[in-house]
Amino acid sequence: MGREEALVLAETASTNTLLKQLALAGAPAGSLCLCETQTAGKGRLGRSWHSPAGQGLWLSVLLRPRIKPEVAPLVTLCVAMAMAQAVRKVTGLDAQIKWPNDLVLRGKKLCGVLLEIGFGPQGIDYIVAGTGLNVRKGAYPADLAHQATSIEDHISPPPRRELLVHYLAALEEITDRLEESDFAGIAGDYRVHSCTLGSQVKVSGSMEFTGTAEDIDETGALLVRDECGELRRVLAGDVSVRGVMGYV
Ligand code: BTN
């Protein structure tokens, strides 16, 4: 494999899409793609991601972790943890993780994470870990101000470069821990940074119910105690946390 690539661009459609192409062409782990603006930024669940010029950290990192395919969903938790750690360390702000991987600050969304995973005959071929961190106030549309926030809403000027450097270092350290000890390597830290665990949640999608989020299991699934007292595993879908991002 060749040397890691670091693409820093003024504009691209989506850093995830571009890095996925590089991954398929054999780019090594640690390659990254960062841009000032995306013209077709992608969010989770097929949504688009607003990515105006110079307002965010629109970034994708290529990972090729030596983990079993069933551990792959835990990488999404690692990415959110790395960004939470970077924000806390660089700014002192109390960034928390809304399961599985939204970063929130004082109840509003600060960063989204989108993972794209490619499998080959040997298991995981690549994971493109995309993060959209709202750095400046213009990162999110004005009509989302009730549920979105940015670093600049709390600290000015926002330290974008330092956030990038600390995020990359934290991501490497946390994914190493995942490779070494699977869930046990990250569970403690994830619980500490979570705003979901211990809170009242509303689960929507293929199953719909409300309850209290008690824990995550070794696959990264959320364990929610429903109103009948039954503990239910939530694997994916939308989970709203009371008091966070507009859920009252
Ligand atoms: C979400 O819906 O919360 C996830 C948003 C992820 C956005 C980032 S920005 C950089 C990377 N490239 C994309 O097209 N999406 C991700």
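Whatever comes next refers back to the structure up there.
Criteria and cut-off values
Residues numbered from 1 in each chain as written. Predicted model: local features only at pLDDT ≥ 70, side-chain atom pairs only at ≥ 80, totals over all residues. Heavy atoms only, no water. Helix = DSSP H or I, 4+ residues; strand = E, 2+ residues; numbered from the N terminus. Contact = heavy atoms within 4.5 Å. Pairing = 2+ DSSP bridges. Axes fitted to C-alpha atoms, helices over the stretch in contact; angles between N-to-C directions. Near = heavy atom within 4 Å. Polar contact = N/O pair within 3.5 Å; in protein donor to acceptor, adjacent residues only side chain to side chain. Nonpolar A, V, L, I, M, F, W, Y, C, P; charged D, E, K, R; others polar.

A. Seen up close, the side chain of Thr12. Inspection of the secondary structure puts Thr12 in strand β1 (residues 6-12). Every residue in contact with Thr12, bar those within four places of it in the chain, is listed here: Leu18, Cys35, Thr37, Gln38 and Thr39.

B. Structural detail: the sheet that holds strand β11 (residues 231-234). Spatially, the 5 strands line up as an open sheet ordered β11-β10-β9-β8-β12, and their pairing is antiparallel. The open sheet terminates on both sides in strands that have one partner only, identified here as β11 and β12 (238-241). Looking at each pair of strands side by side, their axes are set apart by 45° on average, direction ignored. Pairing geometry for strand β8 (residues 200-204) and β12, over 4 bridges, is antiparallel. By the bridge assignment for β12, Ser204 is matched with Asp238.

C. View of the site of the ligand. Lining the immediate environment of the ligand, one finds 19 residues, of which Ser14, Gln38, Lys42, Arg44 and Lys109 sit closest. Take Ser14: an N or O atom from its side chain is 2.7 Å from an oxygen atom of the ligand. Among the secondary structure elements, those contributing two or more residues to the shell around the ligand are α1 (15-24), β3 (56-63), β6 (108-120) and β7 (123-134). Ranked by residue count, the leading element in the shell around the ligand is β6, at 4 residues. Tallied by class, the residues present in the shell around the ligand amount to 4 nonpolar, 11 polar and 4 charged.

D. Spotlight on the sheet that holds β3. The strand order across the open sheet formed by 7 strands is β1-β2-β3-β7-β6-β5-β4, and the pairing between neighbours is mixed. Sheet topology places β1 and β4 (96-98) at the edges, where each strand pairs with a single neighbour. When the angles between neighbouring strand axes are averaged without regard to direction, this sheet yields 20°. Alignment of strand β2 (residues 32-38) against β3, held across 4 bridges, turns out to be antiparallel. Across the sheet, the residue bridging to Cys33 is Ser60, located in β3. Sheet strands in contact with helix α3 (residues 160-181) are β2, β3 and β7, and its direction is about 25° off that of β3.

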